Structure formats: C-alpha cells, structure tokens
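Structural characterization, general
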Amino acid sequence: MRNQHSLEEIAEIHRLLEDIKGEYEHGIRAALQKNDPTLFGNPHMIPKLKKIQINRGLGLAAQNTNVLKKSIAEFTAITGQKPVITRAKKAIAGFKIRDNMELGLTVTLRGAKM
C-alpha cells in the first residue's frame, strides 16, 4: 500500500502551495524575461497563470471508501477546498472499469486561491 503522509509533510506542501501565483509573478516571470529578452521582450508576451489544476488518479483503490475519504481529506488539507470526484466516462472491460465508477480526484485553483 502507498506511504501515508505525515502532518508535517502535508503542512510543508501547503506552505509551498500557499502563494504560487505570487512566486510566479515576482520570481518566474522576471527570470523568463531576463533569460530570453528576444522571446519575451514585451511583458504581455510572458505566459499568464490563470489556473492550477491538481489531479490524483486512484484507480481501483477508489472503490474502497476509506481510501477515498482519506484522499479527500488530504486534498482538502493541502488545497483548502473540497475536490471533485472524477468518474469513468465509459466501461473498459480489460481494466475492470465500469461506467460511472469513481476513479480519482481533481481540484482547480483560480484567483486568490492560487
């Protein structure tokens, strides 16, 4: 089974995710413009950060409700919002996946939540 993350590791991940947009605006954009002034001579040509999407595929482990609940709790602790449960769009017999089966989690961060 997968390693269980300690609360310290989750807190460290949360601190890293706390201000991704600020880090991008102040650190990465300036580095991009400095490293390649011909490509990013105009500041409007530098890519903008619109959203951050975090996904986790659980596969067949998502059928176990305890694993799904723990993953939801981890995502909520890390991102600060409840994840959306992704489901199978169609059945694939070779992978033992049925239609509308729960397979993973996803969270989209926009605006101030980045």
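Residues numbered from 1 in each chain as written. Predicted model: local features only at pLDDT ≥ 70, side-chain atom pairs only at ≥ 80, totals over all residues. Heavy atoms only, no water.

The next thing to look at is the overall build of the protein chain. The helix and strand inventory of the protein chain stands at three helices and three strands. Going residue by residue from the N terminus, the α and β elements of the protein chain occur as α-α-β-α-β-β. Taking all 114 residues of the protein chain together, 26% fall into the buried category. The contacts of the protein chain with a sequence gap of at least 6 include a subset with a gap of at least 24, amounting to 55%. About 8300 Å² of surface is accessible on the protein chain, with carbon and sulfur atoms providing 57% of the total. (Helix = DSSP H or I, 4+ residues; strand = E, 2+ residues; numbered from the N terminus. Buried < 20%, exposed > 50% of the residue type's maximum accessible area, 1.4 Å probe, protein only. Contact = heavy atoms within 4.5 Å. Areas by Shrake-Rupley, 256 points an atom, 1.4 Å probe, with all protein chains shown as cover.)

Let's shift gears to the pattern of salt bridges. Between side chains of opposite charge, a pair can form when the charged atoms approach closely. Applying the stated criterion across every chain, the model contains two salt bridges. The residue Arg56 makes a salt bridge to Glu74 at a minimum N-O spacing of 3.0 Å. With a gap of 18 residues between them, Arg56 in strand β1 (residues 51-57) and Glu74 in helix α3 (residues 65-79) connect regions that are remote in the sequence. Owing to a relative accessible area of 13%, Glu74 belongs among the buried residues under this scheme. Put simply, Arg87 and Glu102 hold a salt bridge, and the shortest N to O gap is 3.2 Å. Pair noted here: Arg87 is in strand β2 (residues 84-87) and Glu102 is in strand β3 (residues 102-110), with a separation of 15 residues, a long-range link. Taking relative accessible area as the criterion, Arg87 reaches 42% and is therefore assigned partly exposed. (Salt bridge = Lys/Arg side-chain N within 4 Å of Asp/Glu carboxyl O.)

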